[in-house]
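Spelled out from the first residue to the last, the chains are:
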Amino acid sequence: MLYFIATPIGNLGDISLRALETLRVVDSVASEDTRKTGHLLKHFEISKPQIAFHEHNEEKAGRRIIGLLQAGQSVAVVSEAGTPGISDPGYSLVQRAIEANIPFTMIPGPTALVMALVLSGLPAHAFTFRGFPPRKQGKRQRFLAVDAESPHTLIFYESPYRLVGFLEDALTVYGDRPAAVANELTKLYESVERGTLSELLAHYQANEPRGEYVVVIGGKT
Ligand code: SAM
């Protein structure tokens, strides 16, 4: 059996009982970041062989994992943080498992986009998650323009180094919409800034971004 297991996005207390039970019984753990997963397993006193499974070896490691499953073993897939397959490796293995007729399930848990959406105060009944935008301005503006007419709340992941550039482009493409920027969710310095895009841009121009960010932007009204 193949298990996709969500792990904490910061606070280790967010691991679920089923995640721990499953990690204890599987034969091996396919990890995006074996060092980080090693810490997680150690913290919960679990000792398990790990298989590196990341964006640079996804195909080869994916074939190996399918081989183990076909030989009757059980494998848990965890990403560096949060839910595998959400801006993290996982999708290609789901496809392989379907093709090979291998049963798989997921142990659900944290994912930054859902927490940011709920805390944003923006409509949560319909939303579009776009993951990481391109790094360069021109590409990024074209990427943002795809949803310019959408009434759905828009959600993006962004690095601290590109947050200001992203907010500038979002303001250019969408105009001065309501938005929220969630930072360091579940961690000691968790914060959510709410305002219009121009207010948020001014805030992060004055206060250097640090840590992990999710940007939530209101849809077209
Ligand atoms: N698989 C993860 C999930 O389910 O959310 C996402 C992995 S992606 C490589 C990492 C990005 O997710 C970060 O750059 C940030 O945009 C967002 N993120 C992850 N953890 C976060 C946190 N604690 N606070 C804010 N954003 C976070």
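Residues numbered from 1 in each chain as written. Predicted model: local features only at pLDDT ≥ 70, side-chain atom pairs only at ≥ 80, totals over all residues. Heavy atoms only, no water.

Bring the parts together and some accessible area is lost; that lost area is often taken as the interface size. Per the domain assignment, the segments making up the protein are domain 1 (2–107) and domain 2 (112–217). Here the C-alpha centre of domain 2 lies 29 Å away from the C-alpha centre of domain 1. Taken together, the two surfaces of domain 1 and domain 2 that pack against each other cover about 550 Å², and 64% of this comes from carbon and sulfur. Area buried by domain 1 at its contact with domain 2 is led by Ile 9, Ile 86 and Ser 87, which between them contribute 77% of it. (Domains from an automatic or database assignment. Buried area = accessible area lost by both parts, 1.4 Å probe.)

In this structure, the largest pocket occupies an estimated 740 Å³ of space. Together, 31 residues line the largest pocket, and Ser 87, Asp 88, Phe 132, Tyr 157 and Glu 212 are the ones closest to its centre. Secondary-structure elements contributing two or more residues to the lining of the largest pocket are strand S7 (153–158), strand S8 (178–183) and strand S10 (213–217). Its residues placed into classes, the lining of the largest pocket shows 14 nonpolar, seven polar and 10 charged. Shared between two domains, the lining of the largest pocket takes at least three residues from each, and those domains are domain 1 (2–107) and domain 2 (112–217). As a volume, the second largest pocket reaches approximately 190 Å³. (1 Å grid on protein atoms, 1.4 Å probe; cavity = no way out; pocket = protein on both sides within 12 Å on 5 of 7 lines; lining within 4 Å. Points joined across faces, edges and corners; volume = space filled by probe spheres on them. Helix = DSSP H or I, 4+ residues; strand = E, 2+ residues; numbered from the N terminus. Nonpolar A, V, L, I, M, F, W, Y, C, P; charged D, E, K, R; others polar.)

Attention shifts here to the sheet that holds S8. One open sheet holds the five strands; their spatial order is S6-S7-S10-S8-S9, and the pairing between them is mixed. With one partner strand each, in any of the chains shown, strand S6 (127–131) and strand S9 (191–196) form the two edges of the open sheet. Taking each pair of neighbouring strands and ignoring which way they run, the sheet shows an average axis angle of 20 degrees. In this sheet, S7 lies alongside S6 in parallel orientation, the contact comprising four bridges. Bridge pairing in S7 places Gly 131 opposite Phe 156. Contacts between helix H8 (residues 197–206) and the sheet are confined to S8, S9 and S10, with S9 contributing the most and set at about 130 degrees to the helix. (Pairing = 2+ DSSP bridges. Axes fitted to C-alpha atoms, helices over the stretch in contact; angles between N-to-C directions. Contact = heavy atoms within 4.5 Å.)

Let us look at the packing of aromatic side chains. Inspection of the entire model under this criterion finds six aromatic pairs. Each ring, one from Phe 129 and one from Tyr 157, has its centre 4.9 Å from the other, and the planes form 65 degrees; the classification is edge-to-face. Remark: Tyr 157 occurs in strand S7 and Phe 129 occurs in strand S6; sequence separation between them is 28 residues. Residues Tyr 204 and Tyr 213 carry aromatic rings whose centres are separated by 5.7 Å and whose planes lie at 85 degrees to one another, so their mutual orientation is edge-to-face. Each member of the pair Tyr 204 and Tyr 213 is classed as buried. Ring pairing ties together the aromatic residues Phe 129, Phe 132 and Tyr 157, which thus form one cluster. (Phe/Tyr/Trp six-rings, centres within 6.5 Å; stacked < 30°, edge-to-face > 60°. Buried < 20%, exposed > 50% of the residue type's maximum accessible area, 1.4 Å probe, protein only.)

So, on to the side chain of Thr 111. Structurally, the position occupied by Thr 111 is in the loop between strand S5 (104–107) and helix H5 (112–120). Other than its neighbours up to four places away in sequence, Thr 111 contacts Ile 9, Thr 83, Ile 86 and Tyr 157.

Two numbers describe how helix H7 (residues 163–174) lies on H8: the axes approach to 9 Å, and their chain directions differ by 160 degrees. Taken together, H7 and H8 sit at an angle that is classed as roughly antiparallel. As for the relative orientation of H7 and H8, their crossing is left-handed in sense. Here Leu 163, Val 164, Leu 167, Glu 168, Ala 170, Leu 171 and Tyr 174 of H7 lie close against H8, whose contacting residues are Leu 197, Ser 198, Leu 200, Leu 201, Tyr 204 and Gln 205. (Parallel < 35°, antiparallel > 145°, perpendicular 65-115°, else oblique. Left-handed = near helix turned anticlockwise from the far one by under 90°.)

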